[in-house]
Amino acid sequence: MADTKWYHNSFRRNLIDMHIPDWNEDFFSQIDPVQYVEMLKKANVDTAYIYTTSCVGLCNFPTKVGKMHAGLKGRDIIKEITDGCRKAGIRPILYINIWSMYAYLNHPEWRCKAPDGRESIEYMFGQPGRYGVLCPNTGYREYVLALVRELMENYETDGLWIDMLIWRTICTCPSCKKRFKDETGFDIPENVNLGDKVFTTFMKKRDEWMIEFFNDIKAIVCEKNPDASVVCNSAYYPDSVHGTSEKFSQQVEFITGDSNMGPVRSFEAKLFNNITRNHPFEFLCSVMDPALWEHSMLKTEEHLLQLMTSCIAHNGRNGFIDAIDPYGSLNPAVYEHLGKVYKETDKYIPFLEPEMDMCADVAIYTNFHSTFSPDDDGKPLFDNYTSEHMKATMEAAARLVEQNIPFDVITSLQLGELSKYKALILADAYVLKKEETDAIREYVRNGGNLYASSRCAIYDYDGGKNSEGNLSDVLGVKIVGKTSEKMTYIRPVDGVKILPDYYTPTHPLSMRTFQTLVEADADTKILGKLTLPIVHPEDTSKFASAISDPPGKVTEYPSLTENTYGKGKVYYCAGSLELLPGRDHGGLFARLLKELIGDSPAFITDAPYPVELVLYRQKESGNYVINLSNSTLPILTIPDINVKVRIPEKVTRFYTAPDGKDHPFTRDGDYISFSLDRLRVFGMFIAETE
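Residues numbered from 1 in each chain as written. Predicted model: local features only at pLDDT ≥ 70, side-chain atom pairs only at ≥ 80, totals over all residues. Heavy atoms only, no water.

Overview of the sheet that holds strand β6 (residues 256-258)
- Overall, parallel pairing links the 8 strands, which are arranged β5-β4-β3-β2-β1-β8-β7-β6 in an open sheet. Sheet topology places β5 (229-232) and β6 at the edges, where each strand pairs with a single neighbour. Taking the axes of each pair of neighbouring strands and ignoring which way they run, one obtains an average angle of 25° across the sheet.
- Of the strand pairs in this sheet, strand β1 (residues 13-17) and strand β8 (residues 317-323) are connected by 5 bridges, and their pairing is parallel. Bridge pairing in β8 places isoleucine 16 opposite aspartate 322.
- The sheet strands contacting helix α2 (residues 77-87) are β2 (47-51) and β3 (91-97), and the helix crosses β2 at an angle near 175°. (Pairing = 2+ DSSP bridges. Helix = DSSP H or I, 4+ residues; strand = E, 2+ residues; numbered from the N terminus. Axes fitted to C-alpha atoms, helices over the stretch in contact; angles between N-to-C directions. Contact = heavy atoms within 4.5 Å.)

Some remarks on the pairing of strand β7 (residues 282-286)
- Counting buried positions along β7 gives 5 out of 5 residues, so the element sits mostly inside the fold.
- Neither face of β7 is left uncovered, since the one carrying Glu282, Leu284 and Ser286 and the one carrying Phe283 and Cys285 both have all their residues buried.
- Sheet topology places β7 next to β8; 5 bridges connect them, and they run parallel. When the sheet's bridge partners are listed, serine 286 is paired in β8 with isoleucine 321.
- With helix α10 (residues 301-313) bridging β7 and its parallel neighbour β8, the resulting β-α-β unit is right-handed. (Buried < 20%, exposed > 50% of the residue type's maximum accessible area, 1.4 Å probe, protein only. Right-handed = clockwise from strand over helix to strand, strands pointing away.)

Examining the environment of serine 548
- Inspection of the secondary structure assignment puts serine 548 in the loop between β18 (525-533) and β19 (551-565).
- On the basis of relative accessible area, serine 548 is assigned to the partly exposed category, the value being 37%.
- The spatial distance from the C-alpha of serine 548 to the C-alpha of phenylalanine 11 is 52 Å, given a sequence separation of 537 residues.
- Separated by 3.5 Å, the side chains of serine 548 and serine 545 make a polar contact. (Polar contact = N/O pair within 3.5 Å; in protein donor to acceptor, adjacent residues only side chain to side chain.)

Here's the deal with the environment of cysteine 85
- In this fold, cysteine 85 is placed in helix α2.
- In the structure, cysteine 85 is positioned 80 residues away from lysine 5 in sequence and 19 Å away in space, judged by C-alpha atoms.
- Discounting chain neighbours no more than four positions away, the residues touching cysteine 85 are Val37, Leu40, Ala48, Ile50, Ile90 and Pro92.

The structure is reproduced here in structure tokens:
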């Protein structure tokens, strides 16, 4: 590879959290850079992210700009650690945290101020007193840039790893108010209003300001070292509350973040893989069980191996996060653990390529401006929102993993590639830009298939609102309202066999979610209709059953429909079917998608949930990589898995990795079939083709 970067060939990464204050003079008194490097060597780490500051805001190096941690007594541990790492053959990358309790306490005028007047130290994460979040539209911006200049002038590094370069709160401090007024002529809105141009302009400005802040930092780093990688922690579903977007993702060298196990991790891995500017993306995982809030409860080696290999399964690169003791010591047992895990996963390195194409039939479509719910309209502006779109997309991923349906997660960055997928999912995607609806409409017209749910495309991102839905022509239904009931039902209709026989007009399928009220176009086929509970669940004056909310109020509103648009087929669900984990909900969701996919999926397997199969094709060799990850906790051995993979090319060799042993398979048309006697944590198979 002509333009090989360090992150293409880094497979064992490590970050040691050092969020330690200095109110106790003994804190950091025992820190030993020699031991620090020895621990990294014990774990066979190849890249170390080294804390120069933390969210406490104290500097771990001599500084003329900020305040050095008192416990270090002037000692330059950053130079000692970076020099020690280079001598040991470990690549040092500097870490800086944008939050700063030190600056927060010493510069009140720099603080982010929530619309209700509170500041982060009062409420953040439900842990008052711990977190100081500051606004880049204040003098804090120059303070951070000055710290970055110090780092780049004094230390040799291959990159900068930036933590918490997000708003985290909706800031309405005097500086934000002034800047917004100066640039737009508007005042910052007081309430959420997805259909209001001022509100959407404010969301866009926050994104622009954060991109500008990042690029100011990046310019300083790259002036010193043009080849340095500058990345940000993206350990969250990027959204407009945080002030990030698809455009923001394209500023950073590659996407990185810490993540959990299971379907959410699968969703995030696929999302990160598609929004990263350069491959591979990165996951960092806590070595503590279950997560960073535990300081000394260590995950088992097998659990760490599970996290590592689930990242490999999605062609990402993994690292682990440990936390230093306040006095400065590290636990050798942690690094012995990591050394064993890295030794085990090193065997897969020969089979990894930064650039591989995922083979998927379905794409879940998401964007980062559907943070706020239409139900938030009119509420005071703040940051405590839960996006139904985000929940629906993540749960859609969980349903697809459960049902063994090959899927990917895409954004507007892939609008030109929609034709790669047989079906597209719009899960309660209530905010879609015109460029998005135009591309999706064209995709379906040309033969693409669509599943959409709930309040699809009722807003654009320029403050426009179309209550009927901007894709109503494609869906074949117009939205006319929404149930106030959050417990609803799908009633089967005569002549349509889509639900199991035990669901009848008097015993319909329950939907523990609201449904939109829609009117179907003349040519739209109705597959199910809306039934409501006999008594509104929120009516405290009476009930039809003390425990449940039984159905009985029949309506003629469509609940599930089928439409043809151009050459494509469209299923629409008035509720968010994908949100619900029930067996029959998942089964119905899978049946709809399998109808859209057709009879030649990328793969077929009987692997039980929560085993996930991920299929890639290597760009350079053309070989197929078949990965199976088991996310059970506690980890259980899964027996007798059968797999069929669509590989129309001639397979010259089929074998297991990393041992290279030939594995038996049979050929049936475009598919090869093989079996596993057992799967414990991870399985990788390679199909060489010509």
